[in-house]
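# Descriptive analysis of the structure
The primary structure of each chain is shown beneath.
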Amino acid sequence: MKGAIDIGWMKLLAGYLLLLIPVVFFRIYRTGLVRPTLVAVGRMTVQLLLVGLYLEYIFRWDNPWINGLWVLVMTVVSSYTVIRRTGLRLRLFLWSVFGATMISIVLIDFYFLGFVIGLKNIWTARYFIPVTGMLLGNSLKNVIIALDAFYRRIDEEETSYRWQLANGAEHNEALLPFVQQALRKAFNPLIATTAVMGLISLPGMMTGQILGGSNPLTAVKYQIMILLVIFSSTILNVWLTIRFSRRVAFDGMLNLRKDIFEERGK
Amino acid sequence: MIRLENIGLHFDGKQIFDGLSARIPAGAKVAVKGESGSGKSSLLRILLGFEPSANGKVYYDDTPLIPATAGLIRSRTAYVPQDLGFTVFRTTRELFYTPFRFKTNRRLMPDKEKVAEILEQFALPADILERGIKAISGGQKQRLLLAQAVLLEKPVLLLDEPTSALDEANRVRVAEYIMQLPATVIAATHDDRWIRLSDMLIDLDEQGKTLAK
């Protein structure tokens, strides 16, 4: 099968001209977004080029230890990003988020790559790295939404939270409405996107596979699996993160610690 | 018996109260009085272990309020806060029934007749549980939470400004009903009638002087 047509470096530069459209709009409406957009695109370019370079070697070596190390680095960066974006204190939350991410990734990777795809060696770079990357990338924004919604809501609705405890709730019981809200907030967009997939959007992975020369039906099957995998790994990740971080986020009397938020902890 | 020993509270270096001690016999009706900012609501929170910066000791009978006993003590209290946001709950029904779903309260889940009876007692519309949480007034929400606290049949009721959102007729009705309950009732209040009906007064304007009436 033929792969996708390569994009020449000059053509890639020509592609960057498309950036003029948002830049012009941002300038006209004086949004202050021109600089952040250019910085973000610059970062994205450098990061992806570096990743392209790394991946070329990682695929060539295909060494389980190096692959594992690569995923470990991705997990650390992902955990760091989750905590930074939620405004929670890194020192308090890093282990909880990292542990939850690691466990959810390992469990789902083993099931998907080992059982569903049926790989003899799940550490095979060509599968292990992109699938894990996709899981991390997709669960990242949902974990951010859920974790932020969970702790911010408890802080804002402290009276409701305490009212439940003071009326006999165990900790799990008092947290239940907040967990429900956090999950609804994180999963509603994912459910909505999933429901219209194929109608108004063609997902990136499927498009990539088709461009790469895969049979469209194979690409569709992978896409279906990857969405199911994203659902499972995200919920596991969110649940474990909340579960692990509770130990550091509440004091002995079950009060939410005020110093868990970066802006107040300094 | 609830015992407060040498309770103090400071916020941002400012002393709210200090050296507050009191003995509250079982079944007593206690009014906590004081100007705004005198720490009335904080005192109720201290009694529940919700003020991490407070010092001193609180005992329920001979059990000290510490992390290991907080769950047990809170299983014997009912609390109605002053801030009636509760937007984490979507419906009035959810708000009303939530505490009855807690493991410790399940046996108290009221049947329809009991709910209808208590709603009537607190002058609440019979269909209030069918309404959205934002569709009921502050006074209704307050009476609903008080009615719920009564149904929880706890030996200790902690009420923060229990009549602040009520009109005159409902103030009388609620105060008289709560005062005849066998429970210990500790209420932070500005309401003169409530203070008159209480057996004890903790006056935070007078540095927590406790007056048995």
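The preceding data block contains the structure.
To start, this report covers the structure provided alongside it. (Residues numbered from 1 in each chain as written. Chains lettered and ligands numbered in written order. Predicted model: local features only at pLDDT ≥ 70, side-chain atom pairs only at ≥ 80, totals over all residues.)

What follows covers the overall build of chain B. A tally of regular secondary structure across chain B gives seven helices and ten strands. A globule of 213 residues ought to have a C-alpha radius of gyration of about 17 Å, and chain B, at 17 Å, matches this closely. Expressed along its principal axes, the backbone C-alpha trace of chain B runs to roughly 45 × 40 × 35 Å. The burial tally for chain B puts 42% of its 213 residues in the buried class. (Helix = DSSP H or I, 4+ residues; strand = E, 2+ residues; numbered from the N terminus. Rg over C-alpha atoms; globule rule 2.2 N^0.38 Å. Buried ≥ 20, exposed ≤ 12 C-beta atoms within 10 Å, placed from the backbone.)

Residues and elements named next belong to chain A. Look at helix H5 (residues 90-116) against helix H10 (residues 216-249): their axes get within 8 Å of each other, and the N-to-C directions meet at 150°. Taken together, the axes of H5 and H10 are roughly antiparallel relative to one another. When you trace H5 past H10, the crossing you get is right-handed. For the contact of H5 with H10, the residue count by class is 16 nonpolar, nine polar and no charged. (Axes fitted to C-alpha atoms, helices over the stretch in contact; angles between N-to-C directions. Parallel < 35°, antiparallel > 145°, perpendicular 65-115°, else oblique. Left-handed = near helix turned anticlockwise from the far one by under 90°. Nonpolar A, V, L, I, M, F, W, Y, C, P; charged D, E, K, R; others polar.)

A word on the nonpolar core. One finds Ala-146 of chain A together with Val-32, Leu-158 and Ile-186 of chain B to be the most contacted residues of the largest nonpolar core, which totals 87 residues. The element contributing the most residues to this core is helix H6 (residues 125-156) of chain A, with seven residues. Aside from chain neighbours lying at most four places away, what touches Leu-158 of chain B is Ala-166 of chain A together with Leu-44, Leu-47, Leu-48, Thr-77, Tyr-79 and Ile-186 of chain B. Membership of the second largest hydrophobic core comes to 15 residues, among which are Ile-108, Phe-112, Ile-226 and Val-229 of chain A. (Core = buried A, V, L, I, M, F, W, Y, C linked by C-beta atoms within 7 Å. Contact = placed C-beta atoms within 7 Å.)

On to the sheet that holds strand S5 (residues 63-64) of chain B, then. Residue and element names in this part refer to chain B. Across the sheet, four strands lie side by side as S2-S1-S4-S5; this open sheet has antiparallel pairing. Two strands close off the open sheet at either side, each with one partner strand: strand S2 (14-24) and S5. Here strand S4 (residues 55-60) pairs with S5 via two bridges, running antiparallel. Residue pairing across strands places Tyr-60 opposite Thr-63, the latter belonging to S5. Sitting on the sheet, helix H1 (residues 40-48) is in contact with strand S1 (2-11), S2 and S4, with an inclination near 125° to S1. (Pairing = 2+ DSSP bridges.)

Let's shift gears to the packing of helix H3 (residues 34-61) of chain A against H6 of chain A. Each packed pair of helices is defined by two parameters, the angle between the axes and the distance between the axes. Residue and element names in this part refer to chain A. Look at H3 against H6: their axes get within 9 Å of each other, and the N-to-C directions meet at 140°. Along its contact with H3, which presents Leu-55, Ile-58 and Phe-59, the element H6 presents Ala-125, Arg-126 and Ile-129. Partitioning the contact of H3 with H6 into residue classes produces five nonpolar, no polar and one charged.

Let's shift gears to the interface of chain B and chain A. With 27 residues of chain B at the contact, the number on the chain A side is 22 residues. Those elements that provide at least two residues to the side of chain B that touches chain A are helix H2 (67-74) and strand S6 (77-80) of chain B. No other element matches the four residues that H2 of chain B contributes to the side of chain B that touches chain A. Class assignment of the residues belonging to the side of chain B that touches chain A gives a composition of 15 nonpolar, nine polar and three charged.

Another aspect to go through is the environment of Ile-154 of chain A. Residue and element names in this part refer to chain A. Positionally, Ile-154 belongs in helix H6. Accessibility expressed as a C-beta count within 10 Å gives 23 for Ile-154, which makes it buried. For the pair Ile-154 and Val-179, spaced 25 residues apart in sequence, the C-alpha separation works out to 9.8 Å. Not counting chain neighbours up to four residues away, the residues in contact with Ile-154 comprise Tyr-161, Phe-178 and Leu-256.

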